[in-house]
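Observations on the model geometry
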Amino acid sequence: MNWPLSFVSRLDPAEASKPSLWALAVDGILLDLRVSGRSLAKSPSFTAVVLLSLALGIGANTAIFTLINQVLLHELPVQHPEELVAFGNSESAGIAGGIDLGAFGGFFPWDFARQLQSDPGPFQGIAAYCSFSQEVSIRLAANGTVPIGNGSAIMVPANLVSGNYFKVLGARPFIGRTILPDDDRTPGSGAVAVLSHHFWQQSLSSDPAVLGKVIAVNGTPFEVVGVMPEDFRGIKQELRPTDLWTPISMQSTVLDSSSMLTPRSGLYFLHLFGRLRPGTVANKARLAGSQNWLNQEVRNGVRDREGTSISAERQREISRISVPLVPAAGGVSLIRSQYGESLKVLMVVVALVLLIACANLANFLLARAASRHREIVTRIALGSSRMRIVRQSLVEALLLSLVGGCIGLGVATTAAHALVAFVSQGNNYVDLSPEPDQTVLLFSLAVSLLAGLLFGLAPAFDAARTARTGTLSANTRTIQSSGGSKARFWPKTLVIAQVTLSVLLLVVAGLFLRSLENLQHQDYGFERTHLLVAEIRSGLAGYKTPQLSTLHRLLLERLSAIPGVRSAALCQTPPINDGAWSSNISLSGYTPAPKENMVSNLNRVSGQFFETAGIQIVAGRPIRSDDNASSVKVAVVSETIAKRYFPRGDAVGHLLKIEIKSVAGPWQIVGIARTTKSGNPRDTDPVRMTYIPLAQIEPFLPAAVASTGTTAKPGRRQENGDAYASTVLLRTAGDPAKTIAALRSTVAAIDPNLPLLRITTIEERVSNLISHDELISALTGVFSVLAMLLAAIGLYGVLSYTVARRTNEIGIRLALGAQTSDVTQLILGESLLLLAIGASSGLVIAWLATGFIKQQLFGLGALDPLTFLAAPSAVAGVTMLASWLPARRAAKVDPVTALRAD
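Rules behind the numbers
Residues numbered from 1 in each chain as written. Predicted model: local features only at pLDDT ≥ 70, side-chain atom pairs only at ≥ 80, totals over all residues. Heavy atoms only, no water. Helix = DSSP H or I, 4+ residues; strand = E, 2+ residues; numbered from the N terminus. Contact = heavy atoms within 4.5 Å. Areas by Shrake-Rupley, 256 points an atom, 1.4 Å probe, with all protein chains shown as cover. Salt bridge = Lys/Arg side-chain N within 4 Å of Asp/Glu carboxyl O. Buried < 20%, exposed > 50% of the residue type's maximum accessible area, 1.4 Å probe, protein only. 1 Å grid on protein atoms, 1.4 Å probe; cavity = no way out; pocket = protein on both sides within 12 Å on 5 of 7 lines; lining within 4 Å. Points joined across faces, edges and corners; volume = space filled by probe spheres on them. Nonpolar A, V, L, I, M, F, W, Y, C, P; charged D, E, K, R; others polar. Pairing = 2+ DSSP bridges. Axes fitted to C-alpha atoms, helices over the stretch in contact; angles between N-to-C directions. Parallel < 35°, antiparallel > 145°, perpendicular 65-115°, else oblique. Left-handed = near helix turned anticlockwise from the far one by under 90°. Phe/Tyr/Trp six-rings, centres within 6.5 Å; stacked < 30°, edge-to-face > 60°. Core = buried A, V, L, I, M, F, W, Y, C linked by side-chain atoms within 4.5 Å. pLDDT = per-residue confidence, 0-100. Patch = residues over 30% accessible without salt bridge, like charges linked within 9 Å, V, L, I, M, F, W, Y side chains within 5 Å. Lys, Arg positive; Asp, Glu negative; His and termini not counted. Polar contact = N/O pair within 3.5 Å; in protein donor to acceptor, adjacent residues only side chain to side chain.

In terms of helices and strands, the chain carries 25 helices and 26 strands. Look at the contacts in the chain between residues 6 or more apart in sequence, and 81% of them connect residues 24 or more apart. Accessible area for the chain stands at about 38,800 Å²; split by element, carbon and sulfur atoms hold 58% of it.

Okay, here's the thing in structure tokens:
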């Protein structure tokens, strides 16, 4: 290349005037940027491949980090969040009955929570909240105000909180006030509500005069007293964030159920958290003292509930009960529990993909540096320093990585939108944002700079070596003219590393995909095809328990008559659900051992339930439509219960009692149903299930039970909230999704005010329960294929570069009588050696690494033979294709042309 003298003089600032070292450095870097930009523009194919590789690698890392930043790294926007601790594992949600205090590590009854709130001991404060967020009906008028009466109803996630919840949390309102202890003092009183900023903005049009207005929550008037800041979600971080907070004292209204606010109710539905005193977190002794205090309070609570006659063995059991203090600076997050480990694995996966992309960058830059041998030698001969050559090479690498990072940021934003849409499970508003914040932008910049620096060093030092050893007269016709085997060492090493990482990623992806397949195709115990599920909330439409038998009968008649519907049923929960109704049970003819686990899941069902749900009756009979209030109370139990308590097969005919007084029984067992999955599809322990007829549940609570409820009025019978059906099941002849419109119109014809919510197929419900498995399987699969393709591109580039540099050698071989097949074997043999070394290394590393993910697998071991065979085979196929193209080109070299090439 001919260099103009004016340009050459600028290449070496040491020979120019020096106004200042800083100005010279800036001027030199700007010049390097211009030179690098022009040089890259002259090689558009090279530049495009490098930028695409980097954009995909950096974009994948940024997309996953966007979710990690929100799910794992964010702290609550409250005062001193590091002082917050949850009492036990508070990630589960539901109402538990008939358990020991602390046995679930996070559920507590109302009276015990009140006790700790009034005397927090070593804590600054202790507060409570409901273990799940209940959707409530809020009636809105057309003008955006929220009066009681007619108007369009919307369903809003609400949570019950103690009067000191916001104070202990350290959260201040955006406007108005928060819930106070006086609001939560007496059960049945304190009908006030605090709104989320999102609900206030979206549903109330940011009404500045909202304070003091009345809203209808499940038909009951509540006064709006405050609105929380935009970034506040509460301590419970859920996928669909809470929009409304009300006092626990309003539990009956908000949960639309019987009162749980009675001493010794046996219902454990609250989570507790506390704020440690300043300095406790860093003081191990004080932290241990707080833990010991909590354990002692829990043990005293258990003893108080079990009475005075406690055996010595039981005393020892109680003395070992412990409810751990769990750091809650980031809140209590079900999203973190579901997706946290998966996101960590994905972050490692995308980091490996980035390494492969950066290896391509290094390889391409090494090839580029070798092709510029004469240019570098010329610059040295004209007076440029080796440091300047190194800087030029680094600037070029950084320019590529930064531009690749900018493109990758666009890729990341698109990918993050897709990830959030996947995780949101159809919800319009979720507590995840795909938009990059300042932390994400800084992460993307840091990754781009790190990639450019680390993988630009090798080409830079190679250029420096060329500058030190090269001569202007260098012009030989052998491979040694450009460094020989030494010059090919690093490109080959990088290719081996790429193949190694590709095999590793494919093994991990294969294990996750096989695990997902096992989850999806396992035996759930019921027929999953052609089953439609819908939630129904008749209580929100004003139906009282005495009216339910008529409503249920009418619903079943009309729904069964829908064209294409084979059968219809009502129940409390579908065959598989993310929550459960459970209680201790007792069985005639069986005496449990001391402290034996007698808990069973419960479901209240209509006639035709087992036929509609596709659950087989293995003995006796199912619950029928003629099992009504005037007939003997009957129940069906699962095989798990029958085999556990009646191993001789005589369960049918025995009596069963439930330790929930609203459905106590006794119930006569008339049938045994096949055991089904109930909650988490990963659970392998057989589920105990008891089914009771909806029509045989009394519409009112027994007088003895109702009299203990503080909200019951003298002379008025208290309704039994456990008499409602919450779920509609339809077994269809064809695609169940095609029946949704007919289902909606049928229910609307019965009562247009009857809310019909969350209509899905049972397959979609199962998919939602294993969504994190689907996420990690899909993404590891995509990223591993991407890594393999990047490795193939890298191998193709290296071999193409090798063929180009060895054109003289190949021409000589052909001129001396070598066959084209010999040349092909020469190139393919080299790639086969790289493949063998890389694949072997990848399998060894995968064998060592899969132990870290074995807890996330299902139904197979971490050393699954099929996966360990398929992964290197796939890499071998792709890399051989990438090798064959350069080998074919080498075989077509014209010896005469090759020997004449300079």
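Further remarks concern the pattern of salt bridges. Taken as a whole, this structure holds 19 salt bridges when the rule is applied. Two residues, R275 and E83, come together in a salt bridge whose shortest N-O distance is 3.0 Å. Taken together, the residues span a long stretch of sequence, with R275 in strand β13 (residues 270–276) and E83 in the loop between α3 (44–73) and β1 (84–87) at a distance of 192 residues. For E83, a relative accessible area of 10% puts it in the buried group. Of the charged contacts in the structure, one is a salt bridge between D523 and R674, with a shortest N-O distance of 2.1 Å. With D523 in the loop between α14 (484–521) and β16 (531–536) and R674 in the loop between β23 (667–673) and β24 (689–693), this pair connects stretches of sequence that are 151 residues apart. Put simply, E535, R758 and R765 are held in one network by salt bridges that share partners.

Turning our eyes to something else, we now look at empty space enclosed by the protein. On inspection of all chains with the given rule, the structure shows eight cavities of 30 Å³ or more. Together, 16 residues line the second largest cavity, and T573, P574, N603, S678 and M689 are the ones closest to its centre. Elements that contribute at least two residues to the lining of the second largest cavity include exactly β19 (599–605) and β24. Among the elements that line the lining of the second largest cavity, the one with the most residues is β19, at three residues. Among the residues making up the lining of the second largest cavity, the classes are represented as nine nonpolar, seven polar and no charged.

This part takes up the pairing of β16. Of all six residues that make up β16, five are buried, and the element is covered over most of its length. Sheet analysis places β16 next to strand β25 (residues 727–732), joined by five bridges and oriented antiparallel. Bridge assignment links L531 to a residue of β25, and that residue is R731.

What follows concerns the packing of helix α4 (residues 110–118) against helix α8 (residues 284–306). Packed helices, taken two at a time, are described by the angle between their axes plus the distance between the axes. Their axes nearest at 12 Å, the elements α4 and α8 cross at an angle of 140°. With respect to α8, the element α4 is oriented oblique. As α4 packs across α8, the resulting crossing turns out to be right-handed. From α4, D111, F112, Q115 and L116 reach across to α8, where they touch W293, L294, E297, V298, G301 and R305. Its residues assigned to classes, the contact of α4 with α8 shows five nonpolar, two polar and three charged.

Interhelical geometry of α8 versus helix α9 (residues 312–319) gives an angle of 150° and a closest axis separation of 9 Å. Between α8 and α9, the interaxial angle falls into the category roughly antiparallel. Crossing of α8 against α9: the hand is right-handed. Note on element contacts: α9 touches α8 through R314, Q315, I318 and S319, opposite R299, V302, R303 and E306. In terms of residue class, the contact of α8 with α9 is made up of two nonpolar, two polar and four charged.

So, about the packing of aromatic side chains. Tallied over the entire structure, the rule returns 17 aromatic pairs. When the ring of Y524 is compared with that of F526, the centres are 6.3 Å apart and the planes differ by 75°; the resulting orientation is edge-to-face. Residue Y524 is classed as buried on the basis of its relative accessible area of 1%. Here F526 falls in the buried class, since its relative accessible area comes to 8%. Pairing Y590 with Y645 gives two aromatic rings, centres 4.8 Å apart and planes at 65°, and the pair type is edge-to-face. With Y590 in the loop between β18 (581–587) and β19 and Y645 in helix α17 (residues 639–645), this residue pair connects regions lying 55 residues apart in the sequence.

Along the polypeptide, T739 turns up in the loop between β25 and α19 (740–750). If sequence neighbours within four positions are ignored, T739 has contacts with L532, I562, V565, L730 and T732.

The next subject is unusual backbone geometry. In this structure, the amide linkage connecting G665 to the following residue, P666, adopts the cis form with an omega of 15°. Counting through the fold element by element, P666 comes out in the loop between β22 (655–658) and β23. With phi around 45°, H80 is a residue other than glycine that occupies positive phi space. Within the secondary structure, H80 sits in the loop between α3 and β1. Non-glycine residue S206 carries a positive phi angle of around 55°.

With that settled, the discussion passes to the environment of L559. Among the structural elements, L559 can be located in helix α15 (residues 548–560). In sequence terms L559 and L729 are 170 residues apart; their C-alpha atoms lie 9.4 Å from each other. Excluding its chain neighbours within four sequence positions, the residues that come into contact with L559 are V565, A568, V728, L730, L743, T746 and V747.

Another aspect to go through is the pairing of β13. Taking burial as the measure, the seven residues of β13 include seven buried ones, the bulk of the element. With burial as the criterion, each face of β13 is covered, one bearing L270, L272, G274 and L276 and the other bearing H271, F273 and R275. Of the strand pairs in this sheet, β1 and β13 are connected by three bridges, and their pairing is antiparallel. Across the sheet, the residue bridging to L84 is R275, located in β13. As paired elements, strand β3 (residues 123–130) and β13 share seven bridges and run antiparallel to each other. Bridge assignment links I126 to a residue of β13, and that residue is G274.

Of all hydrophobic cores here, the largest spans 86 residues; its most connected members are I64, L400 and F783. Secondary-structure elements contributing two or more residues to this core are α3, α10 (334–371), α12 (386–423), α13 (438–469), α14, α21 (771–805), α23 (820–849) and α24 (865–891). Among the elements that take part in this core, α10 stands out by supplying 20 residues, more than any other. Aside from chain neighbours lying at most four places away, what touches F783 is A60, I64, V349, V350 and V353.

Before going further, it helps to spend a moment on the confidence of the model for the chain. This prediction gives the chain a mean pLDDT of 82; 83% of its residues lie at or above 70. Under a pLDDT of 50 for its full length, residues 146–151 has, in the predicted model, 20 contacts with residues more than four places off or in other chains. Scored below 50 in pLDDT, residues 472–483 makes 23 contacts in the model with residues more than four places away or belonging to other chains.

A few words now on the environment of V728. Along the chain, V728 falls in strand β25. Judged by relative accessible area, V728 falls into the buried class, the value being 2%. When sequence neighbours within four positions are dropped, the list of residues in contact with V728 reads L532, V533, A534, I536, L559, A569, L570 and L743.

Turning our eyes to something else, we now look at a nonpolar patch on the surface. Among the surface-exposed residues, V26, I29, L30 and L33 lie close enough to one another that they form a single nonpolar patch of about 280 Å² accessible area. Taking the relative accessible area as the measure of exposure, V26 reaches 32% and is therefore partly exposed.

Attention now moves to the environment of G721. Relative to the helices and strands, G721 resides in the loop between α18 (703–706) and β25. In the structure, G721 is positioned 182 residues away from G539 in sequence and 9.0 Å away in space, judged by C-alpha atoms. Sequence-distant contacts of G721, that is, excluding residues within four places in its chain, are made with S257, S258 and R604.

Before going further, it helps to spend a moment on the side chain of R688. Following the sequence through the fold, R688 ends up in the loop between β23 and β24. Lacking a salt bridge, the buried R688 has E596 as its closest oppositely charged neighbour, with an N-O distance of 5.7 Å. A polar contact is formed between the side chain of R688 and the backbone oxygen of N597, at a distance of 2.7 Å. A distance of 2.7 Å separates polar atoms of two side chains, one belonging to R688 and the other to Y645. Residues within four places of R688 in sequence aside, it is in contact with N597, M598, V599, S600, N601, S638, T640, I641, R644 and Y645.

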